[in-house]
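# Structure assessment
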Amino acid sequence: MSIVFAILFFSFLIFIHELGHFVAAKLSGVRVNEFALFMGPTIFKKQVGETTYSLRCIPFGGFCAMEGEDGDSEDSRAFGKAAWWKRLIILVAGAAMNFIAGMLLLFFIFLPNEQFVVPVISHADPGNTVVYEEGLHVGDRILEVNGEKIYVSSDFSMLLSLNPGDTYDILVERQGQKVLLDDFKMETHLFTNEDGTQSERYGINFETVPATLGQTLSYSWNTGINIVRTVRLSLQMLISGQAGLKDMTGPVGIVQIMSDTAEASATALDALLNMLYFGAFISINLAVMNLLPIPALDGGRVVGLLITTAIEAVTRKKVNPKYEGYIHGAGMLLLLGLMAVILFKDVFTIFKG
């Protein structure tokens, strides 16, 4: 059941993306020829006005087919005939819907919480070597680590783990003033936990605050922005070589991870909340990744739109859309190739495991 839920939920996220394009196109007066739920051969379709609404047999995603979207059209309501700013809104609407969906999911996930942990040092364990007169203080609010902002308390350990070595530039707020601890040494030690077990940690503990409506909204927003930052950090790791193809995953891998997350949860409610959180993470990831300036993605089409609009404004001549179509076509082939490689890697990993 967890695999079925994961597949349907992932399809829902793609459907939400296409729904964004659909609503924006309709509001902009662009003709939509077909709006489909799922992919593959048609099971059911109904013509309503100028648009065909269809249900297809492969339970994955959907699409919004606009008139003149991938080429020239004589229709006055074709995508290419719309004002440039309307086309821009239509292109970013899909990612916007994914981002909004992810944020709403986070809010409803955190809504039952009674308290939240904030990055303010409440107390330090005896034997720690980071809280002292010239170091961190009880009451410090940690703002940044090596220039990266702390959005939620878990960012602190995450950002420390991403940087090799044991010295960091840590910015804190102390009694209303910002204090920078330059090249500050963070050492872990073996501490005894409340349950009697021992673990390596820094020996500092963060405050908790009541989960008011304002705190819930703030925590949801900060978590969403933190997910956006996680995408950027992941891309930086790919570019720098810290991560590679083996660290990437596609739809098959995502479904497997969601299923594993559900099965590892203590209760059915925990399984649902964990899967929904992972879904929110993926939804916001889709929003950010889709707006990257890569041909075939919405971000690449936005860049193409802005470039052609600028050229047409200067030359007073319309750029033939087929040239942009060639670029996006080549980008799509490369993207499909990458997806095929990742799909093979995911399937191989599942069967190997």
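Report follows, based on the coordinates. Keep in mind it's a predicted model, so treat the numbers as computed, not measured.

With respect to the helices, strands and loops of the structure, T223 is situated in helix α4 (residues 213-240). Along the chain, T223 and A82 lie 141 residues apart, while their C-alpha atoms are 36 Å from each other. With near-sequence residues (within four places) excluded, T223 lies in contact with L106, F110, V152 and Y277.

All right, on to helix α7 (residues 298-315) then. Taking 1.5 Å of rise per residue, the 18 residues of α7 would be expected to cover 26 Å, and the 25 Å separating its terminal C-alpha atoms lies within 8% of that figure. R316 occupies a position one or two residues after α7 and carries a positive phi of about 65°.

F9, L105, L106, F110, L276 and I282 are the most contacted members of the largest nonpolar core, which has 19 residues in total. Where this core is concerned, the elements lending two or more residues are α1 (2-28), α2 (84-110), β3 (115-124) and α6 (268-290). Excluding residues within four positions of it along the chain, L276 makes contact with F5, F9, L105 and I109. Among the nonpolar cores identified, the runner-up in size contains 18 residues, and L136, V145, F156 and M186 belong to it.

Right, let's get into the pattern of salt bridges. When charged atoms on two side chains of opposite charge get close, those side chains can pair. One pass over the structure, following the stated rule, counts 11 salt bridges. We note a salt bridge from D140 to R174, for which the minimum N-O separation is 2.8 Å. Taken together, the residues D140 in the loop between β3 and β4 (141-145) and R174 in strand β6 (residues 167-174) connect sequence positions 34 residues apart. Judged by its relative accessible area of 17%, R174 falls in the buried class. A salt bridge links K185 to E187; the shortest N-O distance between them is 3.6 Å. The class of K185 is partly exposed, set by a relative accessible area of 42%. Shared partners join several salt bridges into a network, and the residues in it are K26, R31, E50 and R77.

With that out of the way, let us pick up the packing of aromatic side chains. Taken as a whole, this structure holds 12 aromatic pairs when the rule is applied. Judged by centre distance (6.2 Å) and plane angle (45°), the ring pair of F9 and F12 falls under tilted. In this pair, F9 and F12 are both assigned in helix α1, 3 residues apart and thus about one turn of the helix distant. Taking the relative accessible area as the measure of exposure, F12 reaches 39% and is therefore partly exposed. Residues F99 and W221 carry aromatic rings whose centres are separated by 6.2 Å and whose planes lie at 85° to one another, so their mutual orientation is edge-to-face. Placement of the pair is F99 in helix α2 and W221 in helix α4, with a sequence separation of 122 residues. Given a relative accessible area of 22%, F99 falls into the partly exposed group. Taken together, F15, F22, F35 and Y53 form an aromatic cluster joined through their ring pairs.

Basis of the calculations
Residues numbered from 1 in each chain as written. Predicted model: local features only at pLDDT ≥ 70, side-chain atom pairs only at ≥ 80, totals over all residues. Heavy atoms only, no water. Helix = DSSP H or I, 4+ residues; strand = E, 2+ residues; numbered from the N terminus. Contact = heavy atoms within 4.5 Å. Expected span 1.5 Å × (residues − 1). Core = buried A, V, L, I, M, F, W, Y, C linked by side-chain atoms within 4.5 Å. Buried < 20%, exposed > 50% of the residue type's maximum accessible area, 1.4 Å probe, protein only. Salt bridge = Lys/Arg side-chain N within 4 Å of Asp/Glu carboxyl O. Phe/Tyr/Trp six-rings, centres within 6.5 Å; stacked < 30°, edge-to-face > 60°.

Keep in mind that these numbers describe shape and distance, not what the molecule does.
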